[in-house]
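Here's the letter readout for the chains.
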Amino acid sequence: MPISFWRSSDAFEQLNRLERPGFALEFLRRNAGYRHDYKRTLRQIAHGQADPGSARSELARRWGLRFRPRP
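Residues numbered from 1 in each chain as written. Predicted model: local features only at pLDDT ≥ 70, side-chain atom pairs only at ≥ 80, totals over all residues. Heavy atoms only, no water.

- Per an unreviewed UniProt entry, the chain goes by the name Transcriptional regulator-like domain-containing protein and belongs to Methylocella silvestris.

Put into structure tokens, the structure is as follows:
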């Protein structure tokens, strides 16, 4: 859902239908601090400044996230 539609009545209806994990994701997507931290983490990984696994684990720890293992 684009950021510009976050305050529309349709957006509120969609949020009301979400399970906890989906609602938590929408909350984080709207959080400027999380978006900044996520982009910074991706930049560090892309520039070889951080180990991908460690950087993702640290991001998850900072924000209280649990990621599913990748297949």
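## Notes on the overall build of the chain
And then number 1: If you tally the helices and strands in the chain, you get 4 helices and 0 strands.
And then number 2: Ordering the α and β elements of the chain from the N terminus gives α-α-α-α.
And then number 3: Put simply, the chain has 71 residues, and 17% of those count as buried.
And then number 4: The long-range share in the chain, meaning contacts at least 24 apart out of those at least 6 apart in sequence, stands at 34%.
And then number 5: Of the roughly 6,100 Å² of accessible surface on the chain, a fraction of 55% belongs to carbon and sulfur atoms. (Helix = DSSP H or I, 4+ residues; strand = E, 2+ residues; numbered from the N terminus. Buried < 20%, exposed > 50% of the residue type's maximum accessible area, 1.4 Å probe, protein only. Contact = heavy atoms within 4.5 Å. Areas by Shrake-Rupley, 256 points an atom, 1.4 Å probe, with all protein chains shown as cover.)

## Some remarks on the packing of aromatic side chains
And then number 1: The final tally for this structure, using the stated rule, is 2 aromatic pairs.
And then number 2: Plain terms: the ring middles of Y34 and W63 are 5.3 Å apart, the flat faces sit at 85° to each other, and that makes the pair edge-to-face. With Y34 in helix 3 (residues 32-46) and W63 in helix 4 (residues 52-63), the pair connects residues that are 29 residues apart, well separated along the chain.
And then number 3: By relative accessible area, which is 27% here, W63 ends up partly exposed. (Phe/Tyr/Trp six-rings, centres within 6.5 Å; stacked < 30°, edge-to-face > 60°.)

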